[in-house]
Amino acid sequence: MLLFIAVHRIYIFYSLILTTSITYKFYSSMISILKNYYRKTKKYILYLLPDSHFDNTCEQLESTITDLFCVINKKGRVKFISSSAIRILGYGINPKLQKIFFEMYGPFIRNLFKSPTPQTSSYVEFPIRNAQSTYIWIRLNLFVTNIENENLVTITANDVSQKRDIFEDFDEKNIFSKSLVENLKVGILMEDSNGNIVIINQALINTFGLAVSPEQLVGKNCFEALDIVMGLFTSPEGFRASTISISNNRTEVLGEVLHLKDGRVLERSYFPFKNRYESEFSIWKYEDITNSYYALDIIKESEKKYRGIFENLQFGVVEVDDSGLITYPSANFCKMIEYTEQQLIGQCIDKFILSDCKKSNLSNLLSLSNGQKQSQEMQLIKSNNDRNWVLVNISPIQTQQKNIQGSVLFFYDITERKVLEEALRYANLYAKKAEESEKFFLASMTHELKTPINAIIGMSDLLRMTNIDNEQKEYVEILDTSTRYLQKLVSDILDISKIESGNVEIKKTTFRLLNFLLKIVNTFEYVISKKNIKFKIDFDFEPNLNIIADKVILQQVLSNLLSNAEKFTHEGSIILSVTHQEETDNTIKLNFKVSDTGIGIDEEMKEVIFEKFKQLPSTKFHKSQGSGLGLNIVKRLLTLQNSKIEVKSVKGEGSTFYFDMVFEKGNPTEQVVTPKSNFTTNTQFSSVQVLVVEDNDLNQKYVAKVLNKWSVNFHIVSSGEDALTEFQESKYDLILMDLQLPGISGIETAAKLRKKYNEDVFTIIAMTAVVTSNIESEILKNGMNDIIRKPFTISDLYEKMQLYFKSDNLQSIKKEIPFHPNLDTVFLKQFYEKDREYALSVFEYFKQNYLGEFKEIILNVDKVNFNETMNKLHSIKPAFKMVGLTFVEQDIEHILSNNSSYNDSVNNLSKYWDLTKIEKIIDKQIEILKKEEFT
């Protein structure tokens with residue numbers, strides 16, 4: 001049934017192509033028959049009863065009529081089927097055959113008998129299924145014949161399958177062809193030999209702006225449509241005459257150009273052809289070529305336009321062929337190179353390139369570009385042999401087949417830029433030399449300044465170790481304070497120089513944070529001891545927290561902030577607080593805060609104070625002093641470590657400087673002990689042979705005094721040459737080598753000593769006021785073992801020497817520290833190990849600061865706001881752990897986490913602890929630590 005439906009569609013679409021003699025009425029009848037056939041589900045035609053006489057007559061008829069297929073009556077029943085039909089179909093008269101003719105052709109056959117005179121009909125081609133269930137095409141001829149006084153329809157048939165495609169393939173191809181035509185972007189019209197439209201697509205209708213659909217025009221005569229559209233053309237009659245002439249001549253026409261009144265241009269082509277059945281058809285193709293038609297004019301106008309642009313631009317344009325020969329030079333290029341257009345055309349572009357540049361000549365660039373754009377700086381030779389620096393951009397010219405047929409070159413004169421670049425290069429060279437000179441000057445001046453400072457500080461330390469009266473001690477303190485102020489000023493200048501030159505190197509080490517902070521506290525407490533200022537440290541991290549950081553930079557930042565607070569605070573307090581912010585498995589974020597009750601800062605000065613050499617203005621309460629570099633150094637050092645300093649301040653009330661910093665966590669089980677200087681007046685290095693290489697008299701005397709006190713065998717020389725001579729005569733265990741010496745430097749001297757005495761074992765420690773990463777690298781590369789910074793104290797020198805040599809000082813052997821039995825002795829022994837001095841400083845600091853504050857909280861608990869009390873307890877809680885009062889720390893933690901009411905908590909505070917007993921335990925432990933036998 002599907003194949004019959006397909007047949008139905010094919011007949012509808014190609015009715016005018018496939019036949020020329022069957023009327024439209026016939027196909028309308030067939031469509032009705034097919035529809036009727038589809039609706040019926042079960043209808044069978046009875047077999048005819050045998051009729052031998054009729055059969056004999058038909059057989060005689062078969063012998064006279066070629067290709068007789070069958071005989072049917074006016075009702076459409078098959079009465080006879082020929083042997084040739086049986087041969088074609090593979091079966092005789094059966095219901096299937098009856099059904100075909102009765103249902104499909106019945107109405108048509110009956111129409112043949114309506115006129116008094118029997119009519120015949122021309123052929124029709126028809127697909128029919130044979131016994132093998134495949135379709136064959138047969139051509140049927142129907143005409144009326146009287147047999148035995150009965151008008152019957154005799155049908156002759158021919159197998160035309162070989163002249164036709166297989167039915168299924170035919171249907172698919174024609175559906176595809178129709179879809180293709182409908183979707184073409186060009187207008188298509190197909191007409192038959194009578195001029196009737198068979199196919200027309202939407203593109204053609206759109207081209208002519210017709211308000212109809214393609215279906216409405218199918219079947220119409222082309223000349224009717226011609227009358228409708230001819231008015232659109234600039235020459236309507238000419239268009240009509242040309243169309244009629246082409247149609248009559250039936251000669252192929254290609255690319256006829258037609259002009260429309262609206263300015264569009266169409267290209268028309270005409271293709272006459274015959275189908276396989278010799279039926280004549282014609283195809284008309286209409287394509288809008290307006291853009292391409294005017295393309296040449298557009299290109300010419302575009303070329304004129306862009307050539308004009310090129311001529312007015314600041315660069316020269318040259319076109320070359322694929323051999324590098326100039327085909328067009330712009331006026332600007334001619335002016336640039338001082339040649340005429342006629343002189344340049346036909347010349348190779350390489351001729352005008354400076355010979356030194358030919359290693360990158362244009363011909364090579366063009367051949368290697370592979371169609372890619374290239375840029376190159378080079379020099380052009382002008383007609384007077386002068387040189388012009390140009391930047392050349394090369395854009396290949398490609399055909400549609402991607403073949404290179406030349407290039408366009410854009411020359412931009414960069415001679416002035418090159419002159420400026422050269423000037424800038426020399427300026428940078430001079431600037432670098434000036435910078436190096438500045439660095440050298442700063443290093444030299446710092447060295448020259450620190451050398452006497454070193455001697456003054458050293459002599460002050462030695463003077464303290466003598467028996468002097470109180471008045472003399474006061475003089476020594478003044479001398480020491482002034483010298484250390486001068487030392488800090490010089491250090492600040494050197495530090496800012498190192499930061500600005502990018503010579504600050506971050507060196508991370510693992511250290512215990514609390515030990516580190518307490519050392520800063522001890523130093524700072526000494527500074528403010530003569531002021532009416534209370535100093536306090538608060539922290540809430542674990543006492544045994546180890547962090548990985550640059551210890552020197554962190555100390556410098558905190559020391560500068562504390563020094564700044566001390567400078568502007570005359571009474572009240574200074575608090576250093578370190579609080580825990582957040583934590584991961586590997587990192588911890590801490591907030592550092594330095595608060596004071598000083599003079600405060602005006603709002604407009606909060607940003608200014610972080611600038612270099614900027615200070616707060618002097619007032620009657622404060623006189624500006626210092627270099628104005630401290631806070632700038634703080635800001636820069638924190639920036640290097642991805643942190644930022646901020647400030648909050650109220651004029652007349654005080655200031656708070658704070659910053660956050662993230663640290664890697666060190667191993668919590670690792671005991672990091674800061675080395676301490678354990679020298680006394682009895683310290684000795686009697687077995688060590690020391691050679692001092694120092695040209696400054698004051699430093700010679702200072703080092704000599706210290707070494708004499710330690711019973712060291714030493715010799716002093718003033719130059720590198722003297723050091724080489726002395727070492728040859730007497731071998732030494734240690735060389736204290738100044739870097740800046742007359743003649744050969746300390747670094748050169750060390751290198752020569754290592755080279756000449758490469759099998760000897762000896763230590764070289766460099767003495768210098770300036771230490772940068774470059775200097776440090778040079779020192780280590782040339783055989784020195786270590787560095788000691790000038791100015792150095794007796795303690796600094798002792799710590800360096802004890803790293804390489806054992807001291808004869810028996811007091812340096814530490815014994816285990818006994819702790820009070822009421823304290824957490826397990827934790828204290830693990831925390832302090834055998835560091836008695838550190839333990840003593842912590843316990844004394846606890847008594848002086850935290851114990852008094854704790855007593856004040858307890859005694860005034862009912863007079864102070866509850867939240868304020870809780871905050872204070874939270875602040876001092878960690879300190880109790882450090883002195884072994886673990887039970888107090890745990891009780892405070894319980895109160896802080898307890899959700900009970902305010903009154904319950906207040907009552908608990910007074911009965912939790914015996915303050916008198918706690919104070920006695922701490923006093924006893926301090927007494928134990930001070931005993932000489934446990935040091």
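Conventions we followed
- Residues numbered from 1 in each chain as written.
- Predicted model: local features only at pLDDT ≥ 70, side-chain atom pairs only at ≥ 80, totals over all residues.
- Heavy atoms only, no water.
- UniProt positions renumbered as here; feature names shortened; annotations may be inferred.
- Axes fitted to C-alpha atoms, helices over the stretch in contact; angles between N-to-C directions.
- Helix = DSSP H or I, 4+ residues; strand = E, 2+ residues; numbered from the N terminus.
- Parallel < 35°, antiparallel > 145°, perpendicular 65-115°, else oblique.
- Left-handed = near helix turned anticlockwise from the far one by under 90°.
- Contact = heavy atoms within 4.5 Å.
- pLDDT = per-residue confidence, 0-100.
- Buried < 20%, exposed > 50% of the residue type's maximum accessible area, 1.4 Å probe, protein only.
- Salt bridge = Lys/Arg side-chain N within 4 Å of Asp/Glu carboxyl O.
- Pairing = 2+ DSSP bridges.

The name given to the protein in an unreviewed UniProt entry is histidine kinase, and the organism recorded there is Emticicia aquatilis. UniProt lists a comment for the protein under the heading Catalytic activity (unreviewed entry), and it reads "ATP + protein L-histidine = ADP + protein N-phospho-L-histidine."

**Considerations on the packing of helix 29 (residues 866-882) against helix 30 (residues 886-897)**
Relative to each other, helix 29 and helix 30 sit at 155°, their axes nearing to 8 Å. Taken as axis vectors, helix 29 and helix 30 run roughly antiparallel relative to one another. Judged by the twist between their axes, the crossing of helix 29 over helix 30 is left-handed. Contacts between helix 29 and helix 30 involve Met870, Leu873, His874, Lys877, Phe880 and Lys881 from the first element and Thr886, Val888, Glu889, Ile892, Glu893, Ile895 and Leu896 from the second.

**A few points about the confidence of the model for the protein**
Per-residue pLDDT for the protein averages 76, and the proportion of residues at 70 or more is 73%. Here residues 1-50 is a poorly scored stretch, pLDDT under 50, and it has 75 contacts once near neighbours within four places are set aside; other chains count. pLDDT under 50 marks residues 671-679. Its contacts with residues more than four places away, or in other chains, come to 36 contacts.

**Points about the environment of leucine 562**
Within the secondary structure layout, leucine 562 lies in helix 20 (residues 551-567). In this structure leucine 562 comes out as buried when scored by relative accessible area, which is 0%. Note: C-alpha distance between leucine 562 and lysine 593 (31 residues apart in sequence) is 9.9 Å. Not counting residues within four places of it along the chain, the set of residues in contact with leucine 562 comprises Ile520, Phe524, Phe535, Ile574, Leu576 and Val594.

**A few points about the pattern of salt bridges**
Scanning the model with the defined rule gives 20 salt bridges in all. For glutamate 377, the salt bridge identified is with lysine 418, shortest N-O distance 2.8 Å. Highlighted residues: glutamate 377 in strand 13 (residues 374-381) and lysine 418 in helix 17 (residues 415-464), separated in sequence by 41 residues. Of the residues examined, glutamate 377 reaches a relative accessible area of 30% and is grouped as partly exposed. For lysine 418, a relative accessible area of 19% corresponds to the buried category. Across the pair aspartate 923 and lysine 847 runs a salt bridge whose closest N-O atoms are separated by 2.7 Å.

**A word on the sheet that holds strand 13**
What the five strands build is an open sheet, ordered 12-11-15-14-13; its pairing is antiparallel. If you trace the sheet from one side to the other, it starts and ends with strand 12 (326-329) and strand 13, each paired once. Averaged over all neighbouring strand pairs, the angle between strand axes comes to 30°, with direction disregarded. Bridge analysis of strand 11 (residues 315-320) against strand 12 gives three bridges, and the strand direction is antiparallel. What sits directly across from glutamate 319, in strand 12, is tyrosine 328.

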